[in-house]
Amino acid sequence: MALKCGIIGLPNVGKSTLFNCLSSAKAQSANFPFCTIEPNLGVITVPDKRLNELAELVHPEKIIPTTVDIVDIAGLVKGASKGEGLGNKFLGNIRECDAILHVLRCFENDNIVHVENGVDPIRDKEIVDTELQIKDLETIESRFSKTEKQAKTNGDREAKVLLEVMKKYRDVLVQGKNAREVVLESKEEINAAKELFLLTTKPVLYVCNVDEQSAKDGNAYTQKVQEIAKKEGAGILIVASKIESDIAELETYEEKEMFLEELGLEESGVNRLIKEAYRLLKLKTFLTAGSDEVRAWTFHEGWKAPQCAGVIHTDFEKGFIRAEVIKYDDFITLKSEAACKEAGKMNVEGKEYVVHDGDIMHFRFNV
């Protein structure tokens, strides 16, 4: 399941530094706008201690975590919707992402220039929002007349639904709001909305890049972002890129833990960001455990057993018979599949079973 989060923001807010911490790929980082021109792609693993705990019991040949693609997209400037800076290329890269990690500069540093000549994360956020909103309005206007004609002339049901959705989005966008604030009322409207590929419908996480002293509790800048995020129903995360860079240089897990403890931090910002990105996309994990491998598999919240079987292989979904399910806590307590089965902790589930995060699954199928 290829899932992609795009890191966006104005130039010189710390996007590429953060990307370098997130992935083994190394994006160029420099003190001038448009240092990043082509989007850098990194594949990052989703931290999950359950895999190691299962591996201690099962002793598999390998452990395979689930992953999310992270894209470092070139910095946006005012007028991007009209082609300024890297303009349309930037916007096109965002369109390909499932969710947005919007990095906001929340630190003072005279040695790092700011494209707007001063630190103001709310202003920066609004600049990016405005450019995306303008582009979304252009998308709607370009299709509006044709869709309206189809709805009236042919009595096309799908065109009528799409037209109503576009009206809702347009009403919100002209007010300087994001399209994600629109509440769609039916499955038909949700499906119609997907056709538009609007930029501001994508879920967003505001990543406040702070100085080292503000890594634990934030600062006045992050408090302002927190207020905005709360109104929007968006997520917010405080990260100090400098600290994350230092952590990335450490070789062992023990060294990283000691470093975090000295700073009074329970977990690295990178790990928290990866988990939050996963949550942002409403993703869950089911597990498989055997002598060959212990593996995490990504699925969407609310998926049923056959859909999850299809994540492993399409044949599993087509020929689905049943799923044998053990709850993670039961497996850890009883220490083996055989013990769980003997204790009545292995449930046999059918096509209507809604899979839960951490379920250990074994699928039976026939093609």
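Scroll up a little and you will see the structure.
Values in this document were obtained by computation on a predicted structure and should not be read as measured data.

Q: Mind showing me how you'd approach the overall build of the protein here?
A: Check the secondary structure of the protein and you find 14 helices and twelve strands. Sequence separation of at least 24 residues holds for 69% of the intrachain contacts in the protein that already meet a minimum separation of 6. Of the accessible surface of the protein, which amounts to about 18,700 Å², a share of 48% is contributed by carbon and sulfur atoms.

Q: Can you help me understand helix H2 (residues 49-58) in this one?
A: An α-helix turns once every 3.6 residues. As a result, residues three or four positions apart point the same way. Where H2 is concerned, the buried positions are Arg-50, Leu-51, Leu-54, Ala-55 and Val-58. All buried residues of H2 fall inside an arc of 135 degrees around its axis, so they share one side. Opposite the buried face of H2, at more than 90 degrees from it, the exposed residues are Lys-49 and Glu-56. Where H2 is buried, its residues contact strand E3 (62-64), strand E8 (283-289), strand E9 (293-300), helix H13 (328-334) and strand E12 (360-365). Two residues or fewer past H2, His-59 is found with a positive phi of approximately 55 degrees.

Q: Even after reading the chapter, I still don't get the sheet that holds strand E6 (residues 204-209), so can you show me in this structure?
A: Here six strands make up an open sheet; going across it, the order is E2-E4-E1-E5-E6-E7 and the pairing mixed. Strands at the two margins of the open sheet, each flanked by one partner only, are strand E2 (40-45) and strand E7 (235-239). Averaged over all adjacent pairs, the angle separating strand axes in this sheet is 25 degrees, with direction ignored. Of the pairings in the sheet, the one linking strand E1 (residues 4-8) to strand E5 (residues 99-105) comprises four bridges and is parallel in character. Paired with Cys-5 across the bridge in E5 is Ala-99. Set on the sheet, helix H4 (residues 121-153) makes contact with E1, E5 and E6; between it and E5 the angle comes to about 145 degrees.

Q: I keep staring at the nonpolar core and nothing clicks. Help me out?
A: Soluble globular proteins tend to bury their nonpolar side chains together. Membership of the largest hydrophobic core comes to 57 residues, with the highest contact counts inside it found for Cys-5, Leu-22, Ile-70, Leu-101, Val-207 and Val-225. With six residues, helix H10 (residues 269-280) is the single largest residue contributor to this core. Beyond its immediate sequence surroundings of up to four residues, Val-225 is in contact with Leu-104, Cys-106, Pro-121, Ile-122, Tyr-206, Cys-208 and Ile-236. Core analysis: the next-biggest nonpolar cluster, separate from the first, contains 19 residues, Ala-159, Met-166, Val-182 and Leu-198 among them.

Q: What should I look at first to understand the packing of helix H1 (residues 15-22) against helix H8 (residues 241-249) in this one?
A: How two helices sit against one another is set out by the angle between their axes and by the gap between those axes. It is the contact of H1 with H8, at a shortest axis distance of 9 Å, that shows an interaxial angle of 30 degrees. By the angle class used here, H1 and H8 are roughly parallel. The handedness of the crossing between H1 and H8 comes out as left-handed. Residue-level inspection shows Thr-17, Leu-18 and Cys-21 of H1 in contact with H8, the latter providing Ser-241, Glu-244 and Ser-245.

Q: Would you take a moment to explain the packing of H1 against H10 for this structure?
A: For the pair H1 and H10, interaxial distance at closest approach is 10 Å and the crossing angle is 90 degrees. As summarised for this structure, H1 and H10 are arranged roughly perpendicular, according to the angle between their axes. Touching Leu-18, Cys-21 and Leu-22 of H1 are Val-270, Leu-273 and Ile-274, all from H10.

Q: Would you mind going over the packing of aromatic side chains with me for this structure?
A: Each aromatic ring pair is specified by the distance between its two centres and by the angle formed by the two planes. Enumeration over the complete set of coordinates arrives at five aromatic pairs. Taken together, a centroid distance of 6.0 Å and an interplanar angle of 45 degrees make the contact between Phe-286 and Phe-299 tilted. Within this pair, whereas Phe-286 is found in strand E8, its partner Phe-299 is found in strand E9, the two being separated by 13 residues in sequence. Take Phe-286 and Phe-299: they sit in the same class, and that class is buried. Note on Phe-286 and Phe-363: the rings are 5.9 Å apart at their centroids and 85 degrees apart in plane angle, and the pair reads as edge-to-face. With Phe-286 in strand E8 and Phe-363 in strand E12, the pair connects residues that are 77 residues apart, well separated along the chain. Overall, the relative accessible area of 0% leaves Phe-286 in the buried class. Take Phe-363: its relative accessible area is 8%, and that puts it in the buried class. In textbook terms, an aromatic cluster arises when at least three aromatic residues are bridged by ring pairs, as seen for Phe-286, Trp-297, Phe-299, Phe-320 and Phe-363. The ring of Phe-144 has Arg-170 sitting right over it, with the charged end atom 4.0 Å from the ring centre. If you follow Arg-295 out to its NZ or CZ, it ends over the ring of Trp-297, 4.0 Å from the centre.

Q: Whenever I open this one, unusual backbone geometry confuses me. Can you help?
A: If a residue is not glycine, its phi is most likely negative; likewise, a peptide bond is most likely trans. One non-glycine residue with positive phi stands out, namely His-59, at about 55 degrees. Topologically, His-59 is positioned in the loop between H2 and E3. In the Ramachandran plot, Lys-335 falls in the positive-phi region, its phi being about 75 degrees despite a non-glycine side chain. With respect to the element layout, Lys-335 can be found in the loop between H13 and helix H14 (337-342). Given the relative accessible area of 52%, Lys-335 is considered exposed.

Parameters and conventions
Residues numbered from 1 in each chain as written. Predicted model: local features only at pLDDT ≥ 70, side-chain atom pairs only at ≥ 80, totals over all residues. Heavy atoms only, no water. Helix = DSSP H or I, 4+ residues; strand = E, 2+ residues; numbered from the N terminus. Contact = heavy atoms within 4.5 Å. Areas by Shrake-Rupley, 256 points an atom, 1.4 Å probe, with all protein chains shown as cover. Buried < 20%, exposed > 50% of the residue type's maximum accessible area, 1.4 Å probe, protein only. Arc of directions from axis to C-beta. Pairing = 2+ DSSP bridges. Axes fitted to C-alpha atoms, helices over the stretch in contact; angles between N-to-C directions. Core = buried A, V, L, I, M, F, W, Y, C linked by side-chain atoms within 4.5 Å. Parallel < 35°, antiparallel > 145°, perpendicular 65-115°, else oblique. Left-handed = near helix turned anticlockwise from the far one by under 90°. Phe/Tyr/Trp six-rings, centres within 6.5 Å; stacked < 30°, edge-to-face > 60°. Lys NZ or Arg CZ within 6 Å of the ring centre and 35° of its normal.

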